[in-house]
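For reference, the chains in residue letters:
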Amino acid sequence: MSMTHPQIAPFGGTPEQKAQLMAAIAACKDIPGSLMTIMQHAQEIYGYLPIQVQTMISDATGHPVEEIYSIATFYSMFNLFPQGRHHISVCMGTTCYVKGARNILNRVSEVLGISGGECTSDGLFSLDVCRCVGACGLAPVLLVDDDVYGHVEVDQIEGILQKYRNL
Ligand code: FES
């Protein structure tokens, strides 16, 4: 997989968002253990926590960026990349994996030009993997928003995604 991300939208934070973030930090920065709360506010303001936002939090609170980054990557509620209008999740549970989930993920990745955890530059699709969603009888399973696709084959991916391009 390429190490560059030409499809990723550049960070587009506004001065208003920054002011909101600084106000949220000022309100709770002296409360012990408030870093996660600040990060949650930041995600509500920006929708995700790119490195630019992590750096702003670090500068304003004194917590090292490394600490903020490790919290952001550890907890699944935090997104390092923007979420698309349609969120795709490829099940990587054991049954799906055995039934070829890796090929499904690779194909989605190839069609959209993004890796897991990323979002297309038009903001339409974001991609992630998930653990077993309890539909192993349908493996391999692909989710798009609340829609579940079972027994997915690699050559169906383009058609499935196309439906959502027109919504
Ligand atoms: S492993 Fe994918 S649904 Fe259970």
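Residues numbered from 1 in each chain as written. Predicted model: local features only at pLDDT ≥ 70, side-chain atom pairs only at ≥ 80, totals over all residues.

Describing the sheet that holds strand 3 (residues 142-144)
Logical step 1: Read from one edge to the other, the open sheet built from four strands follows the order 2-1-3-4, with strand pairing classed as mixed. Since the sheet does not close on itself, it has two edges, and those belong to strand 2 (125-130) and strand 4 (147-149), each with one partner. The mean angle between the axes of side-by-side strands here comes to 20°, regardless of whether they run parallel or antiparallel.
Logical step 2: Looking at chain direction, strand 1 (residues 86-91) and strand 3 are connected through three bridges and run antiparallel. Note that in strand 3 the partner of Ile88 across the bridge is Val144. (Pairing = 2+ DSSP bridges. Helix = DSSP H or I, 4+ residues; strand = E, 2+ residues; numbered from the N terminus. Axes fitted to C-alpha atoms, helices over the stretch in contact; angles between N-to-C directions.)

What to know about the domain arrangement of the chain
Logical step 1: Domain boundaries in the chain define domain 1 (15-74) and domain 2 (86-165).
Logical step 2: When each unit is reduced to the centre of its C-alpha atoms, the spacing between domain 1 and domain 2 is 31 Å. (Domains from an automatic or database assignment.)

A short note on the packing of helix 6 (residues 101-112) against helix 7 (residues 157-165)
Logical step 1: Put simply, helix 6 and helix 7 touch, their axes get as near as 10 Å, and they point 50° apart. Classified by the angle their axes make, helix 6 and helix 7 are oblique. Relative to helix 7, the crossing made by helix 6 is right-handed. Between helix 6 and helix 7, the residues in contact are Ile104, Arg107, Val108 and Val111 and Ile157, Glu158 and Leu161, respectively. (Parallel < 35°, antiparallel > 145°, perpendicular 65-115°, else oblique. Left-handed = near helix turned anticlockwise from the far one by under 90°. Contact = placed C-beta atoms within 7 Å.)

Here's the deal with the environment of Gly47
Logical step 1: Mapped onto the elements, Gly47 comes out in the loop between helix 2 (35-46) and helix 3 (51-61).
Logical step 2: Sequence-distant contacts of Gly47, that is, excluding residues within four places in its chain, are made with Pro82 and Gln83.

Structural notes on unusual backbone geometry
Logical step 1: Here the bond from Ala139 into Pro140 is cis, since omega is -5°, no more than 30 degrees from zero.
Logical step 2: With respect to the element layout, Pro140 can be found in the loop between strand 2 and strand 3.
Logical step 3: At Asp145, a residue that is not glycine, the phi angle is positive and equals roughly 55°.
Logical step 4: Overall, the presence of 13 C-beta atoms within 10 Å leaves Asp145 in the partly exposed class.
Logical step 5: Positioned with a positive phi, His151 is a non-glycine residue whose angle comes to about 50°.
Logical step 6: Relative to the assigned elements, His151 resides in the loop between strand 4 and helix 7.
Logical step 7: Given 12 C-beta atoms within 10 Å, His151 falls into the exposed group. (Buried ≥ 20, exposed ≤ 12 C-beta atoms within 10 Å, placed from the backbone.)

Quick notes on the packing of helix 3 against helix 4 (residues 65-74)
Logical step 1: Contact geometry of helix 3 with helix 4 gives a least axis separation of 9 Å together with a crossing angle of 130°. By the criterion of interaxial angle, the relationship of helix 3 to helix 4 is oblique. Remark: the crossing between helix 3 and helix 4 carries right-handed chirality. Packed against helix 3, whose contacting residues are Gln54, Thr55, Ile57 and Ser58, the element helix 4 presents Val65, Ile68, Tyr69 and Ala72 at the interface.

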